[in-house]
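Overview (structure and organization)
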Amino acid sequence: MSGTWATGWATNDIVTAAEFAKGVASIGDTILGSDTASITFSSILGTYAHLRLVVVARDDQAVAQEAFYLRFNGDSTAIYDSFTSVSAVFLTAGTRGTAGHAAGASATAGAMGVFEILIPYYAGTANQKGWQATGSVSPTDGSTASYINAQCNGKWRSTAAITSITLLPTAGNFKTGTRASLYAMGF
Amino acid sequence: MADADHPHLVINTRSGEARRFDTEQQVALVIAEDVANPKDPLTPAEEIVKILTESPDFETAKKRMADWVAAQQPVIELK
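Only a predicted model underlies this, so the values are computations on that prediction, with no experimental measurement involved. (Residues numbered from 1 in each chain as written. Chains lettered and ligands numbered in written order. Predicted model: local features only at pLDDT ≥ 70, side-chain atom pairs only at ≥ 80, totals over all residues. Heavy atoms only, no water.)

**Focus on the overall build of chain B**
To keep it simple, the criterion reads: Each helix is a run of DSSP H or I of at least 4 residues and each strand a run of E of at least 2, with the numbering of both proceeding from the N terminus. A simple rule labels every residue: compare its accessible area, found with a 1.4 Å probe on the protein chains alone, to the largest value its type can have, and call it buried under 20%, exposed over 50%, or partly exposed in between. Contacts are assigned to residue pairs that have any heavy atoms within 4.5 Å of one another. In this description, accessible areas are obtained by the Shrake-Rupley approach with a 1.4 Å probe, and a residue is regarded as covered only by the protein chains that are shown.
Across its full length, chain B carries three helices and three strands. Reading chain B from its N terminus to its C terminus gives the helix and strand order β-β-α-α-α-β. Per-residue burial for chain B yields a buried fraction of 23% across its 79 residues. The contacts in chain B between residues at least 6 apart in sequence include a share of 7% that link residues at least 24 apart. Entry remark: accessible area of chain B is about 5,500 Å², with carbon and sulfur atoms responsible for 58%.

See the structure below:
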């Protein structure tokens, strides 16, 4: 008996390598033990379909919340076009793209920005790469002050396969306790 | 030195290794190496060639080949 994801599984099914690769798996994870200026996931295998990045973030700047950013393949040239619904500002030709929002140093202790970022078809070489992120930050307990519920979308004007992703705060550092987990999703 | 002295964190998704660097330029070198030499898995033909060329003798090559074949499928048997 050999099942598949499509047909379902039964006891004693044999899972082939090809079928197994259609699943979702964690390929990187970190919880910061000290303040950190950038987090990079490198050497990303090109055989999966999509990447999903889950980020719980706080930075050390004196604000309730502010954006954090991403870069692909270490590319800091001005070819990122991105949008955040918080400011409703479209950032064209940025050197990094808006990927979410982090709680700042003015937020209640332990408050974090919570974002999920999807990067579809990241390993293709025919088209430019895009991402879509959704999430929120609730900086003050029991208050709507500075609360945000955001979408952050954008594209990198490159057709190169993505082999690394770097997360960057607006300025300063991500605080201790910030966590980022990278998942690969199969075809 | 404490982690804070090396503020840039790089996690290699293949090895799981986490390393810290002092500067963005050092991180850029690591990333550039990724871009220049993306390390996709070897094809079965490449795996076989690697086993044959890296084995010190024929008996070792035979054993490594048998181990490699046995490891291919199935990767998991559900219980």
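**Quick look at the sheet that holds strand β4 (residues 50–57) of chain A**
Residue and element names in this part refer to chain A. Definition in use: A pair of strands is treated as paired once DSSP finds two or more bridges between them. Comment: axis = line fitted to C-alpha atoms, over the contacting stretch for helices; angle = value between 0 and 180 degrees taken between N-to-C directions.
The eight strands are arranged β2-β13-β4-β9-β10-β11-β6-β7 in an open sheet whose pairing can be described as antiparallel. The two strands at the open ends of the sheet, each matched to only one other strand, are β2 (24–31) and β7 (89–94). Strand-to-strand twist across the sheet, computed as the mean angle between neighbouring axes with direction ignored, equals 15 degrees.

**Side note on the pairing of strand β6 (residues 80–84) of chain A**
Residue and element names in this part refer to chain A. Across the five residues that make up β6, a large majority, four, are buried. Where β6 folds back onto β7 in an antiparallel hairpin, the turn is made up of four residues, including Ala88, whose phi is positive at roughly 55 degrees. The pairing of β6 with strand β11 (residues 148–156) spans five bridges and is classified as antiparallel. Bridge pairing in β11 links Asp81 to Lys155.

**Digging into the pairing of strand β3 (residues 38–42) of chain A**
Every other side chain in a regular strand lies on the same face of the sheet, so the side chains alternate between the two faces. Across the five residues that make up β3(A), a large majority, five, are buried. The side-chain alternation of β3(A) yields two buried faces, one formed by A:Ser38, A:Thr40 and A:Ser42 and the other by A:Ile39 and A:Phe41. Looking at chain direction, β3(A) and strand β1 (residues 8–12) of chain B are connected through five bridges and run parallel. Bridged to A:Ile39 within β1(B) is B:Leu9. Sheet topology note: the β3(A)/strand β12 (residues 165–169) of chain A ladder contains three bridges and is antiparallel. Residue pairing across strands places A:Ile39 opposite A:Leu167, the latter belonging to β12(A).

**Notes on the pattern of salt bridges**
Put simply, the rule is: By convention in these notes, a salt bridge is any Lys or Arg side-chain nitrogen within 4 Å of a carboxyl oxygen on Asp or Glu.
Summed over all chains, the structure comprises 10 salt bridges over all chains. Ionic pairing is found between A:Glu19 and A:Lys22, a salt bridge with its closest N-O pair at 3.0 Å.

**Examining the nonpolar core**
To be explicit about the condition: Nonpolar core, defined: a set of buried Ala, Val, Leu, Ile, Met, Phe, Trp, Tyr and Cys residues in which side-chain atoms within 4.5 Å join the residues together.
Among the nonpolar cores identified, the biggest contains 39 residues, and A:Leu51, A:Phe68, A:Phe72, A:Ile117, A:Ile119, A:Ile165 and A:Leu167 are the most heavily contacted of them. Not counting chain neighbours up to four residues away, the residues in contact with A:Phe72 comprise A:Tyr80, A:Ile119, A:Trp131, A:Trp156, A:Ile162, A:Ser164 and A:Ile165. In this structure, B:Phe21, B:Val27, B:Val30 and B:Ile31 belong to the second largest nonpolar core, which totals five residues.

**Brief notes about the side chain of A:Thr166**
Our working definition: Nitrogen and oxygen atoms within 3.5 Å of one another constitute a polar contact, given that in protein one can donate a hydrogen and the other can accept it, and given that sequence-neighbouring residues count only through two side-chain atoms.
Its place among the elements puts A:Thr166 in strand β12. Within polar-contact distance, the side chain of A:Thr166 engages the side chain of A:Thr40 at 2.8 Å. Discounting residues that sit within four places of it in the chain, A:Thr166 has contacts with A:Ser38, A:Ile39, A:Thr40, A:Tyr69, A:Leu70, A:Arg71 and B:Ile31.

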